[in-house]
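Given next are the chains, with one letter for each unit.
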Amino acid sequence: MPVALGDQHDGQGDEQDTHAEAGRHPRPVDRPEVRRQRPESAGGLHWPPTLGLAVEQSPDRRRSAPAAGRTGPIGEDAAVSASDLQIRPLSPVFGAEVRGVDLADGVDDATFAAVHAAWLDHGVLAFKGQSPLPGDVQVEFARRIGPLHEHPAAPAEHQNPGVLVIRTHRNSSISNGNGWHSDVSCQEEPPSATMLQVQLLPDCGGGDTLFADMEAAYATLEPEERARLRDMEAVHASEHVYPGRYADRGSDDAHIDTPWAIHPVVRTHPETGRRSLFVNPSFTVSIEGLDQAESAALLERLHEHCTRPEFQIRHRWDPYDVLLWDNRRIQHFAIWDYWPHERYGHRVTVKGTRPFFEPDGPEPEASPIRVSPGRLV
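Residues numbered from 1 in each chain as written. Predicted model: local features only at pLDDT ≥ 70, side-chain atom pairs only at ≥ 80, totals over all residues. Heavy atoms only, no water.

A.B. asks: What is the right way to read the overall build of the protein chain from this model?
C.D. replies: Tallying secondary structure elements over the protein chain gives six helices and 15 strands in all. Sorting the 377 residues of the protein chain into buried and exposed places 53% on the buried side. Of the roughly 17400 Å² that the protein chain leaves accessible, carbon and sulfur atoms contribute 49%. (Helix = DSSP H or I, 4+ residues; strand = E, 2+ residues; numbered from the N terminus. Buried < 20%, exposed > 50% of the residue type's maximum accessible area, 1.4 Å probe, protein only. Areas by Shrake-Rupley, 256 points an atom, 1.4 Å probe, with all protein chains shown as cover.)

A.B. asks: Explanation requested: the sheet that holds strand β14 (residues 330-334) in the structure shown.
C.D. replies: Backbone-to-backbone hydrogen bonds pair the strands of a sheet. The strands run either parallel or antiparallel. Strands sit in the order β12-β6-β14 across an open sheet of three strands; the sheet is antiparallel. At either margin of the open sheet sits one strand with a lone partner, and together these are β12 (312-315) and β14. Pairwise comparison of adjacent strand axes, ignoring direction, gives a mean angle of 20° for this sheet. In this sheet, β14 lies alongside strand β6 (residues 209-213) in antiparallel orientation, the contact comprising five bridges. Each bridged residue has a counterpart across the sheet, and for phenylalanine 211 the counterpart in β14 is histidine 332. (Pairing = 2+ DSSP bridges. Axes fitted to C-alpha atoms, helices over the stretch in contact; angles between N-to-C directions.)

A.B. asks: Hey, could you run me through the pattern of salt bridges in this one?
C.D. replies: Think of it this way: side chains of opposite charge can pair up when their charged atoms draw near. Scanning the model with the defined rule gives 21 salt bridges in all. The salt bridge partner of aspartate 318 is lysine 128, with a shortest N-O separation of 2.9 Å. One end of the pair, aspartate 318, is in the loop between β12 and β13 (322-326); the other, lysine 128, is in the loop between β3 (124-127) and α3 (135-143), with 190 residues separating them in the sequence. Close ionic contact of aspartate 213 with arginine 329 constitutes a salt bridge, the shortest N to O distance being 3.0 Å. A residue pair is termed long-range when its members are at least 10 positions apart, and aspartate 213 in strand β6 and arginine 329 in the loop between β13 and β14 qualify at 116 residues. Note on accessibility: aspartate 213 and arginine 329 belong to one class, buried. Because the salt bridges share partners, they merge into one network encompassing Asp213, Glu215, Arg274 and Arg329. (Salt bridge = Lys/Arg side-chain N within 4 Å of Asp/Glu carboxyl O.)

Right under this line is the structure:
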């Protein structure tokens, strides 16, 4: 059953520079209109895009404990083949578990193509039975997706500059990702992909990661709501997020960047052509053209809708699991329920393209999700 968000401003009429009045998020004078149009070329992709290789689903099977991590160069004889992959959906909506490959051994081109197609299809891939990934191997895999993304504020703590250290411990004042968000959506070109391996888990358990699918969130709205949101843009900012965030790692704010950008509320995926909502509670601060009260009310309703349990999966980490997710359609939330214990991992992100909305693209097919009105029965 589609969901109606309630009465909303239709976003038409005179635009109001409410951000400048608030003194926080001035609207750029030279904002290019390309934000709302598909790119003429997106990394050699053709429009409409195609997913390419389809992956046959295989039944799950147990694997022995992973061997010690590889530290030397990857040899062709070590790489697995696409026929070894077993991909099992984690829900009827999105997410899949991947077995039959140890990323530390390297993957051949056919296997990478199968993984890439499964990633586009499922949005989140959980690679089980992994070995510790050396930084250069993790970076090498991520670069096959695209150029690496550089975080605007996080300190460089790993010997490989492409690796971002994710660490929360007794003395941490914050925990990375402890709130619903899409990674660094405040930038003009937010990351397309995030690849994370958690190497140290809390002794007490916990430290799970939640994921929510914004394609499903969009598809379950009433058609009238989808049409209204397709005409809207939102401000994503970071000056309330990054300053002081890495103080426990000895980093000051002298050289950090606090980017902000305006993105469409509904974005078109540059590789699949599918539509999704693109707002999140961590970075999205206002809706263009609405006054402060209208903007806050609409964002509150959208955030509540986007994080419904029907759109979620929850990953319970085993040591050395590797997760690969698509920031263009996925939000996530790293739960901090293990203080004072420690959680440690390595993250690599891939640079994305500027979000856009393709008005001539297809609307989603009927969703398998049936969302009931918010009342007890």
